[in-house]
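Secondary and tertiary structure notes
Residues per chain, in single letters:
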Amino acid sequence: MLMTKGRGGGTGAGLSRVSGALLAMSRHLEVRDVLKTIVVSARELLDAEYAALGVPDDHGGFAQFVVDGVSEEQWKAIGPLPRQHGILAAMLKDATPQRLADVRLDPRFGGWPSAHPDMSDFLGLPIADGDEVLGAVFLANKRCPKPQGGCGFTAEDEELLAILAQHAAIALTNARLYERSRELTIAGERARLAHELHDAVSQKLFSLRLTAQAATALVDRDPARAKDELQQIALLAAEAADELRSAVVELRPAALDEDGLVATLRTQVQVLDRAHSARVTFASQGVRALPAAQEEALLRVAQEALHNALRHADARQVDVTLTRHGQGARLRVVDDGRGFDPSAVRRAGRHLGLVSMRDRAGGVGGGLTVESAPGKGTAIEMEVPGG
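Residue positions are given per chain, counted from 1 along the sequence in the order it is written. Per-residue local features of the predicted model are confined to residues with pLDDT of at least 70, and side-chain atom pairs are confined, for both listing and counting, to 80 or more; whole-chain, interface and lining totals are unaffected and use all residues. Heavy atoms throughout the structure, all of them, feed into the side-chain values; hydrogens and water do not.

The mixed open sheet is built from five strands, whose spatial order is E6-E7-E8-E10-E9. Every interior strand has two partners, whereas the edge strands, strand E6 (279–285) and strand E9 (367–372), have only one. With strand direction ignored, the average angle separating the axes of adjacent strands in the sheet is 10°. Bridge count for strand E7 (residues 317–325) against strand E8 (residues 328–335) is eight bridges, and the pairing is antiparallel. Each bridged residue has a counterpart across the sheet, and for Arg324 the counterpart in E8 is Ala329. The strands touched by helix H10 (residues 354–363) within the sheet are E9 and strand E10 (378–384), with E9 carrying the most contacts at an inclination of about 150°. Whether two strands pair depends on DSSP finding at least two bridges between them. By the criteria applied, helices consist of DSSP H or I runs no shorter than four residues and strands consist of E runs no shorter than two, each listed in order from the N terminus. Axes, fitted as lines to C-alpha atoms, cover a helix only where it is in contact. Angles between the N-to-C directions of the axes lie from 0 to 180 degrees. The contact rule is simple, with two residues in contact once any of their heavy atoms fall within 4.5 Å.

Each residue's exposure class comes from its accessible area (1.4 Å probe, protein chains only) as a fraction of the maximum for that residue type: buried when under 20%, exposed when over 50%, partly exposed otherwise. Burial within strand E5 (residues 132–142) is extensive, with nine of its 11 residues counted as buried. Bridge analysis of strand E1 (residues 48–56) against E5 gives six bridges, and the strand direction is antiparallel. From the neighbouring strand, Leu53 faces E5, where its bridge partner is Val137. Inspection of the sheet shows strand E4 (residues 122–129) paired to E5 by eight bridges, in the antiparallel sense. Note on E5: the bridge partner recorded for Leu125 is Val137. Between E4 and E5, which pair antiparallel in sequence order, lie two residues; one of them, Gly130, sits at a positive phi of approximately 65°.

Our focus in this paragraph is the side chain of Asp102. Relative to the elements of secondary structure, Asp102 occurs in the loop between strand E3 (98–100) and E4. Contacts described as polar in this section are N or O atom pairs within 3.5 Å, which, within protein, must combine one atom able to donate a hydrogen with one able to accept it, while residues neighboring in sequence count only if both atoms come from side chains. A distance of 2.9 Å separates a polar atom in the side chain of Asp102 from a polar atom in the side chain of Arg104. Setting aside residues up to four positions removed in sequence, Asp102 forms contacts with Met119, Ser120 and Asp121.

Right, here's the structure in full:
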């Protein structure tokens, strides 16, 4: 068994940190969460300045690339994701570990963007499931005195990272299987909703067409009845529009996995702004990627709050903001609608989705507050702790 001394100062501390890292990986079901946990755990366990993990795509690039030790501003300045070349390619294609005294002196080194942090000693390993290479994890700049002309990372470090990589392969494979099953569930749900939408809107449009034909026939001989039919047309058209708007809300959450919370919320707000006469805005600042369950809860609460503001409160302006709050995030949805008395709503048993929103917030360790009064609009705020 590998025995390693961690920063805590002893073998027991090192094993405890390894155990903690493996348990952290096993807790997560979403691929993105697993990748981040692997990178953070590897950097902390081996006391490195930088860590990264890349999952290759089929086009010479990376489908996902997660880093730790690089600030958000640095990451943005670095630019596009790296390609599969040089030392990264060796780990992915040859499935071979790489431990180098100075990565910059290796003949395979091809340089990096100007904003990229400077790196010297390097340790990288493939993450493999049997013969399939799932990704590559690497560390740079060991925080220790370097031997003359040698690498700060030791053979024991490489052995420890190999153990972590083996468990990472299991966690990553499980996460992929979970996401695949969830995708199938989402696809089935989307198909069901699409079918229901088709039926509902088709019926509305069919009624709309018949009513329009009746109104046309009555225009000359019975203008009063024709006017009634035209009013019915307006009502049916409004109901069909409502069905379509609801579909936008119900069918979008699958974009979370691909686009992330900020982009998904921004897109939904833009769609609602175009679909409604009210002005709907979105602003975001400094939000990090959050655990998937928290992102979904934030999205659902935002959808419910927007639905209430636009469908029930007759709001003319709705502002959605998402900001960083500690390690987590704070969502705020404010409207200038008719407002309500939250205590009276609870007593009457009409909660406008407030119970559902509070349940969603509480289910991910967050909290929800509601500020409203008749004629004063509504402000709904939700906070989540992050991961």
